[in-house]
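Topology and contacts: notes
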Amino acid sequence: MATIFITGATGNIGSSLASSLELKGHRLIYLIRSKNNQSAAERLNKKDRIIWEGDIVLPFCGVKKSEIQEWKGKIDKVVHCASSISFDEAQRKQTFKINLEGTKNVLDLAASLGVSEFHHVSTVYVAGDADYFTEKDLKGKKIVVTAGPTIEAMDPVRYITN
């Protein structure tokens with residue numbers, strides 16, 4: 001089974017996906033930020049898990065250099081689920097920082113870890129100002145993201161739990 005680094009595992013989608021991946025036998029490394037006087041381990045609330053305390057808004061997600069060196073070349077995939085779903089205009093800068101800059105930081109971390117497979121669970125912001133949007137709007141589109149090595153996805157609508 002694969003070793004998977006996952007962000008957003010304390011959220012709705014990320015927690016469900018993490019549980020599904022664990023049930024399939026994958027080993028997960030969780031990136032969790034401390035919040036409201038709770039440590040990362042307390043927030044995840046799972047025993048015997050690999051938990052890295054960090055935050056996607058920090059360079060390399062705040063992951064310690066020693067952890068990066070220890071795990072370099074040993075992680076098969078990254079699943080990035082962390083995001084802000086706030087539509088509050090007062091939160092616009094923070095939402096941008098989390099959703100755009102945070103994703104870049106996760107990509108940078110993936111590159112420094114030598115991970116070649118990256119899965120991004122986006123937010124409703126992917127639709128922009130469209131009145132109507134479905135997965136069919138992305139079928140067959142080519143997406144290229146650059147952060148260290150170039151990562152390409154021919155079909156960005158995929159289901160990783162297979």
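This one's a predicted model, so the numbers in the text were calculated from it and none came from an experiment. (Residues numbered from 1 in each chain as written. Predicted model: local features only at pLDDT ≥ 70, side-chain atom pairs only at ≥ 80, totals over all residues. Heavy atoms only, no water.)

What to know about the pattern of salt bridges
The following threshold applies: We define a salt bridge as a side-chain nitrogen of Lys or Arg found within 4 Å of a carboxyl oxygen belonging to Asp or Glu. Only DSSP runs of H or I reaching four residues or more are called helices, and only runs of E reaching two or more are called strands; each is numbered from the N terminus. Accessibility here uses a 1.4 Å probe with only protein chains present; expressed as a share of the type maximum, an area under 20% marks a residue as buried, one over 50% as exposed, and anything in between as partly exposed.
The full count for this structure, using the stated rule, is 5 salt bridges. Between Arg-49 and Glu-22 there is a salt bridge whose closest N-O contact spans 2.5 Å. Placement of the pair is Arg-49 in the loop between α2 (40-44) and β3 (50-53) and Glu-22 in helix α1 (residues 12-23), with a sequence separation of 27 residues. For Arg-49, a relative accessible area of 34% puts it in the partly exposed group. A salt bridge links Lys-77 to Glu-117; its shortest N-O distance comes to 3.6 Å. Residue Lys-77 is found in strand β4 (residues 77-80), and its partner Glu-117 is found in strand β5 (residues 117-120); the two are separated by 40 residues along the sequence.

Re the nonpolar core
In summary, soluble globular proteins display a tendency toward joint burial of nonpolar side chains. Quick reminder of the rule: By nonpolar core is meant a set of buried Ala, Val, Leu, Ile, Met, Phe, Trp, Tyr and Cys residues that side-chain atoms within 4.5 Å join together. What makes two residues a contact is simply this: any of their non-hydrogen atoms within 4.5 Å.
Among the nonpolar cores identified, the biggest contains 20 residues, and Phe-5, Trp-52, Ile-75 and Leu-113 are the most heavily contacted of them. If you list the elements that add at least two residues to this core, you get β2 (27-32), α3 (65-71) and α4 (92-113). The dominant element in this core, judged by the number of residues it contributes, is α4, at 6 residues. Discounting chain neighbours no more than four positions away, the residues touching Trp-52 are Phe-5, Ile-29, Tyr-30, Leu-31, Ile-32, Val-63, Glu-67, Trp-71, Ile-75 and Leu-113. Of all hydrophobic cores here, the second largest spans 14 residues; its members include Ala-2, Ala-18, Ile-32 and Leu-44.

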